[in-house]
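# Structural features, examined
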Amino acid sequence: MKTFSINTLGCKVNQYEGQQIQELLEQFGLHNIGLSEKPELVVVNTCCVTHTASAKSRRYIRKAQKLSPDALIVVCGCLPTVNIGELNDFGTNVHLIRNRGCLVAELSRLTNGKAIAPNSRSHQFCPDLNNIIKTKISPKIKDKNELSDYLNLPPLNSFKGRTRAFLKIQDGCDGYCTYCIVPKTRPFVHSKSADVVIHEAQALMEAGHKEIVVTGVFLGAYGQDSVRRKNWPNRQNNNLADLLDKMAEIPNLARIRLSSLEPADVTPRLLDTFSKHRNIMPHLHLSLQSGSNVILKKMCRQYNSDEFREKIELIKDRLDRPAITTDIIVGFPGETDSDFEQTVALAKDAGFAKMHIFTFSPRKGTAAAKMQNTIDNRAKKERSILLHNLNTELARIYRQQFIGQTAKVLLENDNGQLYGRCERYFMVHLQKNTRSSEKNELLKVRLIKNCTDGLIGQIVPVAD
Ligand code: SF4
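Throughout what follows, the structure given in this document is the object of discussion. (Residues numbered from 1 in each chain as written. Predicted model: local features only at pLDDT ≥ 70, side-chain atom pairs only at ≥ 80, totals over all residues. Heavy atoms only, no water.)

Following both chains from N to C, one finds helix H8 (residues 268–276) and helix H10 (residues 305–318) inclined at 30°, their axes separated by 10 Å at the closest point. Between H8 and H10, the angle falls in the class roughly parallel. In this structure, H8 meets H10 at a crossing whose hand is right-handed. Contact with H8, carried on its side by Pro-268, Leu-271, Asp-272 and Ser-275, involves Leu-314, Ile-315 and Arg-318 of H10 and no other residues of that element. When the residues that make up the contact of H8 with H10 are grouped by side-chain class, the tally is four nonpolar, one polar and two charged. (Axes fitted to C-alpha atoms, helices over the stretch in contact; angles between N-to-C directions. Helix = DSSP H or I, 4+ residues; strand = E, 2+ residues; numbered from the N terminus. Parallel < 35°, antiparallel > 145°, perpendicular 65-115°, else oblique. Left-handed = near helix turned anticlockwise from the far one by under 90°. Contact = heavy atoms within 4.5 Å. Nonpolar A, V, L, I, M, F, W, Y, C, P; charged D, E, K, R; others polar.)

Our next topic: the state of the cysteines. Following the criterion strictly, the structure yields zero disulfides and no others. Between Cys-11, a cysteine without a disulfide, and Cys-47, which holds the nearest cysteine sulfur, the sulfur-to-sulfur distance is 6.4 Å. A relative accessible area of 45% means that Cys-11 is categorised as partly exposed. You can see Cys-48 has no disulfide; the closest cysteine sulfur is in Cys-78, sitting 5.3 Å from it. (Disulfide = S-S within 2.5 Å. Buried < 20%, exposed > 50% of the residue type's maximum accessible area, 1.4 Å probe, protein only.)

The local shell around the ligand consists of Cys-173, Tyr-176, Cys-177, Tyr-179, Cys-180, Val-182, Pro-183, Val-217, Phe-218 and Arg-301. Partitioned by chemical class, the residues of the shell around the ligand number nine nonpolar, no polar and one charged. (Near = heavy atom within 4 Å.)

A word on the sheet that holds strand E18 (residues 454–459). Around the barrel, which closes on itself, the five strands sit in the order E14-E15-E16-E18-E17 with mixed pairing between neighbours. On average, adjacent strands in this sheet sit at an angle of 50° to one another, irrespective of strand direction. Pairing of strand E17 (residues 442–451) with E18, which is carried by six bridges, proceeds in the antiparallel orientation. Along E18, the bridge assignment pairs Leu-447 with Gly-457. Contacts from helix H12 (residues 377–400) reach E17 and E18, with the element oriented near 125° to E17. (Pairing = 2+ DSSP bridges.)

Quick look at the pairing of strand E14 (residues 406–411) now. Sheet analysis places E14 next to E17, joined by five bridges and oriented antiparallel. When the sheet's bridge partners are listed, Leu-410 is paired in E17 with Leu-442. Sheet topology places E14 next to strand E15 (residues 419–421); two bridges connect them, and they run antiparallel. Looking across to E15, one finds that Leu-410 is bridged to Arg-421.

Let's shift gears to the packing of aromatic side chains. Enumeration according to the criterion identifies seven aromatic pairs in this entry. Ring plane angle 65° and centroid distance 5.2 Å describe the contact between Phe-159 and Phe-166, whose orientation is recorded as edge-to-face. Ring geometry for Phe-402 and Phe-426: centres 5.6 Å apart, planes at 40°, overall tilted. Linking Phe-402 in the loop between H12 and E14 with Phe-426 in the loop between E15 and strand E16 (427–430), this pair joins segments that are 24 residues apart in sequence. Each member of the pair, Phe-402 together with Phe-426, is buried. (Phe/Tyr/Trp six-rings, centres within 6.5 Å; stacked < 30°, edge-to-face > 60°.)

As structure tokens, this is what we get:
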């Protein structure tokens, strides 16, 4: 076998693993080509967080079968790990990886790929048991034979096609928020050791990535064997802050950004780390989901609205105009007008720099899918529109305070349209300039005015 093609759907964790699979296949000697060029192997790294994500994954499998009828199709990622009847009847050329722990061996067997050389860097830092800290199986998983093991792919050397590289440091969830299927697809709560993370971050930096996005299924549980804080000694976890302290010291690593956290993960110790290192970006993504305590309880979230507000105040007190972004679900079963108004009020008080708004849809295999008092589609749509409008307004107000000041922008594109993200993650579109600029360059920019999805900026000459 000489050629392959890979398509990854879903979250940052899945995107990261897609890159690992790509690197592994290249190490096996295969060449990555387009689907229409009829590769011999097609890998579909699926997502099943919603029914739509599952449907997209299935559509891609069918597309691969149509465009490359002779290819062997390997379906991995989250969808085949759960037994919810969403992956049937695909025929004999489709190979499902139901246990993540088998993926590397299966790819090696199917491609006749050689094992990684024992003295190579990848082998040295392969996440074997010595490099995994804290792993256990959620007691809620009944059928242990159905379990998907943890994925033992080698660490990444570069994140192809992206300026920002994602780096997974934690995997697994036993939180069982009632709307979420992830604890069934990734039940093993485990983390990479600091040594592995530092070596990987170093390799990504050496490959030219100026920004690393530290990611995980439940980042705040880094180094713990459960995501439920009641299971932690003292209910405190400084492991993430300790790791960031080390990462931030990597010479020439320009930017570290954290992906999603919960409010209780943001401890004074973590904020000290943010203040201490200028290369940790002043951006925190805290998933709110709802501003109503009744709904938060039904969702089984680990915080209430007062705790969320207090944490926002603390962050604003300790950091300089931080970007606080969030996720919100509208139309969760039982959400009254009053519950929704509480979400709106909290969003206004927090002054979110960006809200990701999701309309609730029941996910088969979760507790919320069986809940009564569902919200009718019209009400869901109205609430979603209202929140999207609020998002536009809050984001504009947040950005406005930076007009006239300078920011550093990491250029994401060099094909005529110049844009990139600044420290606080909002998009900056650059005015045409005589100075030529390249993708992945960090540019000093003067921020001039607001536009629909960000700010307009002007490159500041180097001498300034
Ligand atoms: S904490 Fe809740 S929302 Fe997050 S992955 Fe776990 S179950 Fe899903």
